[in-house]
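Per-entry structural report
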Amino acid sequence: MAQLSVEEKASLVAGATFWKTAAAPGIAPITVADGPHGVRRTPDSGQDFGLGESLPATCFPPATGLASSWNRDLVERVGQALGDESRAQGVNVLLGPGINIKRSPLCGRNFEYFSEDPIISGELGASYVRGLQSRGVGASLKHFAANNQETNRMTVSAEVDERTLRELYLPAFENVVKREQPWTVMCSYNRINGVYAAENEWLLTRVLREEWGFTGLVVSDWGAVDDRVAALRAGLDLEMPGPVADSHAALVAAARSNARDEKHLDTSVERVRRLVTRSTLEKGPDFDVDAHHALARSAATESMVLLKNDGVLPLEAGKPIAVIGQFARSPRFQGAGSSQVNPTRVEPALDALMLTTPVEFASGYSHAGPDEALHAEAVQLAEQAETVLLFVGLPEGDESEGYDRTDLDLPAHQVALIQAVTAVNPRVVVVLTNGGVVSLEPWHDSAAAILETWLLGQAGGAAIADVVFGSVNPSGRLSESIPLRLQDNPSYLNFPGDLTTVRYGEGVFVGYRYYETATLPVRYPFGHGLSYTSFEYSDLEVAKDGTLATVTVTNTGAVGGKEVVQLYVSPPASDVRRPVRELRGFAKVWLEPGASTRVELALTSRAYSYWDVASSTWVTAGGDYVLQIARSAHEVVLEATVTLNDSRPAEKLTLESPVTAWLQHPVTGPIFRRAAGGDVVEGGANVLDMVGSMSMRRLLRFPDVPVSAAQLKALLVAANNPVVRGIARVVGRKRG
Ligand code: BGC
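Residues numbered from 1 in each chain as written. Predicted model: local features only at pLDDT ≥ 70, side-chain atom pairs only at ≥ 80, totals over all residues. Heavy atoms only, no water.

1. So, the sheet that holds strand β1 (residues 32–34)
Spatial ordering of the open sheet is given by β1-β2-β3-β5-β8, a layout of five strands whose pairing is parallel. The open sheet is flanked by β1 and β8 (217–220), the only strands paired with a single partner. Between one strand and the next, the sheet's axes are offset by a mean angle of 30 degrees, whatever the strand orientation. Where helix α4 (residues 118–133) meets the sheet, it contacts β2 (93–95) and β3 (138–144), and its direction lies at approximately 150 degrees from that of β3. (Pairing = 2+ DSSP bridges. Helix = DSSP H or I, 4+ residues; strand = E, 2+ residues; numbered from the N terminus. Axes fitted to C-alpha atoms, helices over the stretch in contact; angles between N-to-C directions. Contact = heavy atoms within 4.5 Å.)

This is the structure:
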């Protein structure tokens, strides 16, 4: 450090190009590339985003698909393969995974994110990072934080209360940071409660480093820095891309005039140096293109969710089928924007299906839009066919980084095609291609089966053939709810906000947490997904302290398959409003027909707690918690109860405490109630309830309250004495 000039230090904390860090004596440059679901390595000559010009790489299923697998091992294997490809291309840090919560189904970048649930996002995010970093390649966990929309993403302030941040938008990051220590964390573009993520000291230093113990480097999203010195002070180490002349000058001036800024700069330089030192591995050997394509295919088979099946699936190989829909011939397999990979090959579903069975094809529409002749030809084919596979989905331009969707609808001409085809043929399997959720209305009931394939990566076509013919039993589960109407989504009235602000008015009630609590019907709930076999659950056992749940799952059908065991916790009623159930654990298991296994799901105290704003800690309300094994967030199959003690700090009673607190207190409550002689009812109203929210100090101002200041003082001393309080609790309990 002593050998570096201030100018050199300021250069080191910014990129030297779009994709490389700067060099200095003793510090080599390193190369970064997008991510997340493939390596987007741009040519060294490139000095911009380089969209569309990257080296060939395997395009794995984007997060929206991978998340539906609920399979940690699979995601870890994809992470390892991404690590191998990164090394083969000389990439030291891969910019992924993206683990933001899907607050609204409209977010244009939902295809790059895992779930509406922080447990899934955090668990699968951790698996991804573990796999990638096991190959000596760093991850960049992004976009930290509250980047849940693309509209005005560069400026908008996400207005989120702290409990909601702690319970919904931060835990996935927390989980990955604490367990896997990603080499880097990428801050988001947006502001959080008024402060840019890049300049947010609370986020980047207090929470990320001091509370969670992050030891890596914080990098800006590309172009997310506004005020470089403020960002340095907040804990942002590396500005990308670079160099940025203004930032350099500002850093040099700040470090020269202010010892604290010089110290901040030294700290960030040290973190850059550590990152470079970690990136010592030589460029790796060429990766195995075929093996990675095969992995992309098996990942894709687990990424699909069979939403509906009246028995038409699986199809019998060798029997002729009609395939309709341009997506079958020219698939859309990833989203647009910085994550777009240049695939090593692409396998359309049409080709793969033809390898197994005689196929007649009609495109039905073109990617450019509706076409009457193609529509008519497709309907005619459907009329003659025994079974139809109908491919529909969102056009490429509908989903991208940088903007959001405005509705959930498939293009009108495709809905018309579904209606026309299902009107002439009862055996229609609708195969959906979309990154974010699409509406299944009004055609849902007319389809014999619906296969949600999301975006499946380059081997998706072959994977679709594997699943529809049953050589692979579908095992995907929804990692986000499919609502009946956009208006039902809890963020509906607050998405995407106005030019400057988006208010997270639904609080912690995101996705299924809202639908289940408000008992609002959805088309398919979070966690739903069908199989070609059936599973039964039995013998749920729960440790007394709530740290372990064990359940038996049995494959009761005729074929082998994978089941996703889902564990939810339903809290007791308390004075804090909580979702009726929240996912707290999951496991995926393979079972041969007739086989059973015991599945263990570990829980920590966090599974029961909520963020208490007053004490700035996680607390558990005392009471009965119901652990629920469920097929989805809506369908509970087994329950067991644990009773937990209250972990909330005893609130000190003062004259400012409301009357209710005095009445509920174990020491003062019984005394006051006795003094009042039970409920005081005047004119039909319960007087004690009426004044419940009034502070005791104010109540005493009423002329007829028969308590002296001295009596109250004595009561306060007794009430706040832990021994007296403890005795009063026990006596109270005994009296029942
Ligand atoms: C995106 C990041 C990406 C970066 C570099 C930004 O626009 O938000 O996710 O890693 O560009 O391409």
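After presenting the structure, the write-up continues.
2. Looking at the domain arrangement of the chain
Considered domain by domain, the chain is made up of domain 1 (30–233), domain 2 (290–517), domain 3 (535–644) and domain 4 (659–735). Taken over C-alpha atoms, the centre of domain 2 sits 62 Å from the centre of domain 4. (Domains from an automatic or database assignment.)

3. Details of the site of the ligand
Taken together, 15 residues form the shell around the ligand, and within it Asp 34, Arg 109, His 143, Asp 221 and Glu 401 come nearest. Within the side chain of His 143, one N or O atom sits 2.7 Å away from an oxygen atom of the ligand. Between an oxygen atom of the ligand and a side-chain N or O atom of Glu 401, the distance comes to 2.7 Å. Residue composition of the shell around the ligand, by class: six nonpolar, two polar and seven charged. (Near = heavy atom within 4 Å. Polar contact = N/O pair within 3.5 Å; in protein donor to acceptor, adjacent residues only side chain to side chain. Nonpolar A, V, L, I, M, F, W, Y, C, P; charged D, E, K, R; others polar.)

4. Examining the nonpolar core
Membership of the largest hydrophobic core comes to 77 residues, with the highest contact counts inside it found for Phe 144, Leu 170 and Leu 203. With sequence-adjacent residues up to four places away left out, Leu 203 is seen in contact with Phe 144, Ala 145, Leu 170, Ile 192, Ala 197 and Leu 208. If you look at the next biggest cluster of nonpolar residues, it comprises 65 residues, including Ile 321, Ile 324, Ala 378 and Leu 478. (Core = buried A, V, L, I, M, F, W, Y, C linked by side-chain atoms within 4.5 Å. Buried < 20%, exposed > 50% of the residue type's maximum accessible area, 1.4 Å probe, protein only.)

5. A short note on a nonpolar patch on the surface
On the surface, Val 723, Ile 727 and Val 731 cluster together to form a nonpolar patch covering roughly 260 Å² of accessible area. Its place among the elements puts Val 731 in helix α23 (residues 722–735). On the basis of relative accessibility, which here comes to 34%, the residue Val 731 falls in the partly exposed class. (Patch = residues over 30% accessible without salt bridge, like charges linked within 9 Å, V, L, I, M, F, W, Y side chains within 5 Å. Areas by Shrake-Rupley, 256 points an atom, 1.4 Å probe, with all protein chains shown as cover. Salt bridge = Lys/Arg side-chain N within 4 Å of Asp/Glu carboxyl O.)

6. Focus on the confidence of the model for the chain
For residues with low pLDDT, the predicted coordinates do not support detailed interpretation. On average, residues of the chain carry a pLDDT of 95, and 100% of them reach 70 or more. Mean pLDDT values for the elements of the chain range from 80 in α23 up to 99 in strand β14 (residues 449–452). (pLDDT = per-residue confidence, 0-100.)

7. Focus on the sheet that holds strand β23 (residues 623–630)
In space, the four strands of this open sheet follow the order β19-β18-β23-β24, with antiparallel pairing throughout. Looking at the sheet topology across the chains shown, the edges are occupied by β19 (582–591) and β24 (636–644). Each strand axis lies, on average, 20 degrees off the axis of its neighbour in the sheet, ignoring direction.

8. Observations regarding unusual backbone geometry
In this model, Phe 144 is joined to Ala 145 through a cis peptide bond whose omega is 5 degrees. Structurally, Ala 145 can be placed in the loop between β3 and β4 (157–159). A cis amide bond, omega 0 degrees, links Gly 242 with the succeeding residue Pro 243. Its place among the elements puts Pro 243 in the loop between α8 (228–234) and α9 (245–257). Located in the positive-phi region is Trp 70, a residue other than glycine, with phi close to 50 degrees. As for its position among the elements, Trp 70 is in the loop between α2 (63–68) and α3 (72–88). Owing to a relative accessible area of 0%, Trp 70 belongs among the buried residues under this scheme. For Thr 519, which is not a glycine, the phi torsion comes out positive at approximately 45 degrees. Residue placement: Thr 519 occurs in the loop between α17 (512–517) and β16 (535–542).

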